[in-house]
Amino acid sequence: MLKNVVLAVIVAASCASGTAEAANLVLNGSFEDGLTGWTKTNAPASYPVTTILYGAAQPYPVGAFGEAIPQQNAPTNSPDAAGLRAAYFVSDFSNVETLSQSIFLNPGVYQIGFSTYAPRNGYANAGDAVFVGSIAGVDLASYNVSTGPVALWQTYAGATTITTAGNYLVSFSFLTNRSPSKDIVIDQVYVIEGNPSVPEPTSLVLLGSALLGAGVLRRRRR
Ligand SMILES: [Ca+2]
Ligand SMILES: [Ca+2]
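Treat the numbers as computed from the prediction; the structure is a model and nothing was measured.

Comments concerning the overall build of the chain
Logical step 1: Counting its regular elements, the chain contains three helices and ten strands.
Logical step 2: In the chain, the succession of helices and strands from N to C terminus is α-β-β-β-β-β-α-β-β-β-β-β-α.
Logical step 3: The burial tally for the chain puts 29% of its 222 residues in the buried class.
Logical step 4: Long-range contacts, defined here as pairs at least 24 residues apart, represent 82% of the contacts in the chain between residues at least 6 apart.

Right under this line is the structure:
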């Protein structure tokens, strides 16, 4: 009897916390389906943005010109796993090449973010690259790749409040004008409603009251 009560409590608590985990509103935000869901603009004829495999010391477009890129490992609120792939901006003559998608947002508070990595071989190139990552009008990242870290994953994260329902852009732009220029890898792009890192108070209350109930039962059995 007691075992059944405790089991029911655990199931109820996990259901409550399950509803608190918001889904990613960005389609294919971890690029596990290649560039499905994303729109490319100004993609250059040579070496357009593509998705590469983690840990693959292979030529473009399977890997990053022989350099194995480690899986994204910076702390992130992305509900998607880093998985096997990431997107790779690499062209040396990209006249503001972009990768973007439009998502519909209702009024509310949203957590937004993505992660970036500058491969060592690209970083060694003389030409710089200007990278901008913008979600729903918020420029989370806007910098010259030369000023960022090399061979280190970092996550750009923030929050935004949407007051008008509508379509909002998730957009990455990449500008280079010299051969060879620096490159950037991105992964785990996310837009989630609310903040998933804070446990729902209701599930904690539920768990607390259920444990109390189990304690009462135990006393009665004695
Ligand atoms: Ca991924
Ligand atoms: Ca390049």
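Quick notes on the sheet that holds strand 9 (residues 166-175)
Logical step 1: Read from one edge of the open sheet, five strands run 1-4-9-6-7, paired in antiparallel fashion. The two strands at the open ends of the sheet, each matched to only one other strand, are strand 1 (39-41) and strand 7 (138-144). Direction aside, the axes of adjacent strands within the sheet are offset by 15° on average.
Logical step 2: Sheet topology note: the strand 1/strand 4 (residues 97-105) ladder contains three bridges and is antiparallel. Across the sheet, the residue bridging to lysine 40 is leucine 99, located in strand 4.

Let's talk about the sheet that holds strand 5 (residues 108-117)
Logical step 1: With antiparallel pairing, five strands are arranged side by side in an open sheet as 2-3-10-5-8. In this open sheet, the two strands that pair with only one neighbour each are strand 2 (50-53) and strand 8 (154-162). This sheet shows a mean twist of 35° between the axes of neighbouring strands, independent of strand direction.
Logical step 2: Bridging between strand 3 (residues 85-89) and strand 10 (residues 184-193) involves three bridges; their strand directions are antiparallel. Each residue of the ladder has a partner; that of phenylalanine 89, found in strand 10, is isoleucine 184.

The rules behind these values
- Residues numbered from 1 in each chain as written.
- Chains lettered and ligands numbered in written order.
- Predicted model: local features only at pLDDT ≥ 70, side-chain atom pairs only at ≥ 80, totals over all residues.
- Helix = DSSP H or I, 4+ residues; strand = E, 2+ residues; numbered from the N terminus.
- Buried ≥ 20, exposed ≤ 12 C-beta atoms within 10 Å, placed from the backbone.
- Contact = placed C-beta atoms within 7 Å.
- Pairing = 2+ DSSP bridges.
- Axes fitted to C-alpha atoms, helices over the stretch in contact; angles between N-to-C directions.

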